[in-house]
Amino acid sequence: MERTLAQGQALPKPGRTLLLKHADMLLTMDGARREIRGGGIYVEDNRIVAVGPTAELPATADEVIDASGHLVTPGLVNTHHHMYQSLTRAVPAAQDAELFGWLTNLYKVWANLTPEMIEVSTLTAMAELLLSGCTTSSDHLYIYPNGSRLDDSIRAAQRIGMRFHASRGSMSVGQKDGGLPPDSVVEREDAILADTQRLIETYHDEGRYAMLRVVVAPCSPFSVSRDLMRESAVLARHYGVSMHTHLAENVNDIAYSREKFGMTPAEYAEDLGWVGRDVWHAHCVQLDDHGIGLFGRTGTGVAHCPCSNMRLASGIAPVKKMRLAGVPVGLGVDGSASNDGAQMVAEARQAMLLARVGFGPDAMTAREALEIATLGGAQVLGRDDIGALAPGMAADFVAFDLRQPLFAGALHDPVAALVFCAPSQVALSVIGGRVVVKEGVLQTVELGPVIERHNRLAAQLVQMAR
């Protein structure tokens, strides 16, 4: 903790401090993958200053949290979501369809979204994520009817206190041009690019510990043109922001790419400049060996969404093969209309279980699932300041109460228990040194009125499509 000063430089005044102490177990995900019994974290302002056994940390701080009886981990990172879809969970017409049929049934519902619906659904989705241990989330909003804007999501994130990667999605190829979405929900490509530029210039923060970044994110090969993909990549790289889209989600997705472009999805992505460390693709369930090798060589990331892939019967993503090839892999809950939940611990557990169903009991360990959910997500989002508990990292961490019945009998390995046992909600969440969840209760937003309004809007949205 000693500070080195240049000659003549005054010692800076310490900022607001926070001390977490006496955690039963502290999972750091640092370079040594330390797991510290009786561990603690010392924070100044929004960054971690020290991590280690409680006895080796300062004894006092402006705010002191006793984490006895808790497992403390880095905040979980969600790399793929469609938060507006929390308004359309379990819609009967889309309960038993594969991807293309599911989308076709829901586009006509989503065409009635309003700015208020975007904001309220984002608050609800983020609350669900926060209470499940997520501290950083991306969101892929690609449909903008009735005056809706990405600003509506950004406003919700700033209100609730979540670290946010806001993805300006888009659809420009409707059914009359051979795309999947109805023509009523697509946008002009010049308008898409202009609005994306506006959002980057207005909101994007490239600095360390940034709370808000903007991502360029055309929706998918079956809803945007080659030109938009290329121009989006040029725009993103001009501004130095990340790029995101869907790719190789199911067998119909593969068939569409071969029929329309004469290429596999991975070949299509490479042809358009959509590979590299500044790019991540959602799903990649059907990514072939060539694609895996390409992504590994170029550092192209993947958002793995096991619950959604199972719900839509898309298949089992070859996550172990990807990681062995050097592909960055993070975890994503995907939209709440294809997952019907946004519980990050549940997603990590499902990632482990699904990998074992597909590829054997050694396909993924509990610690590997947590690594994907923390460090993996940070890498996919292009960040080196989140995903681990170490000096210089953002002060993002969560605590799970190990005294719950669901952990009884599993305390010989509390880290593995978090994944093997039934999914737990958090007792504590700290983001950028700010307590956002305390004793299991969200501190930044009163949830009751939000959920009540969300349910009224969800009923209204579905009714309008009938």
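Worth saying up front: this structure is predicted, and the values here are computed from it rather than measured.

Peer 1: I keep staring at the packing of aromatic side chains and nothing clicks. Help me out?
Peer 2: Aromatic rings considered in pairs are described by the distance between their centres and by the relative angle of their planes. The tally for this structure, following the rule as stated, stands at eight aromatic pairs. Aromatic side chains tryptophan 102 and tryptophan 110 sit 5.7 Å apart centroid to centroid with 75 degrees between the ring planes, which places their arrangement in the edge-to-face category. The burial state of tryptophan 102 is the same as that of tryptophan 110; both residues are buried. Their ring planes at 85 degrees and their centres at 6.1 Å tell us that tyrosine 107 and tryptophan 110 sit as a pair that is edge-to-face.

Peer 1: It is not clear to me how the nonpolar core should be interpreted in this structure. Could you clarify?
Peer 2: Across soluble globular proteins, you tend to see nonpolar side chains buried next to one another. In this structure, Val72, Trp102, Trp110 and Phe397 are the most contacted members of the largest nonpolar core, which totals 148 residues. Among the elements that take part in this core, helix H2 (residues 115-131) stands out by supplying 10 residues, more than any other. Discounting residues that sit within four places of it in the chain, tryptophan 110 has contacts with Tyr84, Gln85, Thr88, Trp102, Leu103, Tyr142, Ile143, Pro145 and Ala337. Listed in part, the 10 residues of the second largest apolar core include Val77, Ala378, Leu381 and Ala394.

Peer 1: Looking at this model, I keep getting lost on unusual backbone geometry. Mind explaining?
Peer 2: With the exception of glycine, most residues fall at negative phi, and the peptide bonds are largely trans. One non-glycine residue, tyrosine 209, adopts positive backbone phi at about 70 degrees. Within the element layout of this structure, tyrosine 209 appears in the loop between helix H4 (189-203) and strand S9 (212-218). Positioned with a positive phi, cysteine 284 is a non-glycine residue whose angle comes to about 55 degrees. Take cysteine 284: its relative accessible area is 0%, and that puts it in the buried class.

Peer 1: Please clarify how the environment of proline 74 should be interpreted in this entry.
Peer 2: Among the secondary structure elements, proline 74 is positioned in strand S5 (residues 70-74). For proline 74, a relative accessible area of 1% translates into the label buried. Expressed as a C-alpha distance, the spacing of proline 74 and threonine 135, which sit 61 residues apart in the sequence, is 8.7 Å. Leaving out residues up to four positions away in the same chain, proline 74 has contacts with Leu27, Thr28, Met29, Thr374, Gly387, Ala388, Leu389, Asp396, Phe397 and Val398.

Peer 1: I tried to follow the side chain of arginine 163 on my own but got confused; where do I start?
Peer 2: Relative to the helices and strands, arginine 163 resides in strand S8 (residues 163-170). Classification of arginine 163 as buried rests on a relative accessible area of 1%. Within polar-contact distance, the side chain of arginine 163 engages the backbone oxygen of alanine 210 at 3.1 Å. Each residue touching arginine 163, except ones within four places of it in the same chain, is listed here: Thr135, Thr136, Ser137, Tyr209, Ala210, Met211, Arg383, Ile386, Ala394, Asp396, Ile431 and Gly432.

Peer 1: Looking at this model, I keep getting lost on the pattern of salt bridges. Mind explaining?
Peer 2: It is possible for side chains of opposite charge to pair when their charged atoms get near one another. The full count for this structure, using the stated rule, is 29 salt bridges. Residue glutamate 371 pairs with arginine 33 through a salt bridge whose shortest N-O separation is 3.2 Å. Taken together, the residues glutamate 371 in helix H12 (residues 366-380) and arginine 33 in the loop between strand S1 (17-27) and strand S2 (35-44) connect sequence positions 338 residues apart. Given a relative accessible area of 36%, arginine 33 falls into the partly exposed group. Between aspartate 152 and arginine 155 there is a salt bridge; the shortest N-O distance is 2.8 Å. One end of the pair, aspartate 152, and the other, arginine 155, are both in helix H3 (residues 150-160), three residues apart, so they sit about a helical turn from each other. Residue arginine 155 is classed as partly exposed on the basis of its relative accessible area, which comes to 39%. In this structure, a network of salt bridges that share partners links the residues Arg149, Asp151, Arg168, Glu187, Asp195 and Arg198.

Peer 1: Explanation requested: the confidence of the model for the protein in the structure shown.
Peer 2: Low pLDDT marks stretches whose predicted atomic positions should not be read closely. When the pLDDT values of the protein are averaged, the result is 95; 97% of them are 70 or greater. Contacts of residues 1-12 to residues separated by more than four positions or lying in other chains number 12 contacts, the stretch itself having pLDDT below 50.

About the thresholds
Residues numbered from 1 in each chain as written. Predicted model: local features only at pLDDT ≥ 70, side-chain atom pairs only at ≥ 80, totals over all residues. Heavy atoms only, no water. Phe/Tyr/Trp six-rings, centres within 6.5 Å; stacked < 30°, edge-to-face > 60°. Buried < 20%, exposed > 50% of the residue type's maximum accessible area, 1.4 Å probe, protein only. Core = buried A, V, L, I, M, F, W, Y, C linked by side-chain atoms within 4.5 Å. Helix = DSSP H or I, 4+ residues; strand = E, 2+ residues; numbered from the N terminus. Contact = heavy atoms within 4.5 Å. Polar contact = N/O pair within 3.5 Å; in protein donor to acceptor, adjacent residues only side chain to side chain. Salt bridge = Lys/Arg side-chain N within 4 Å of Asp/Glu carboxyl O. pLDDT = per-residue confidence, 0-100.

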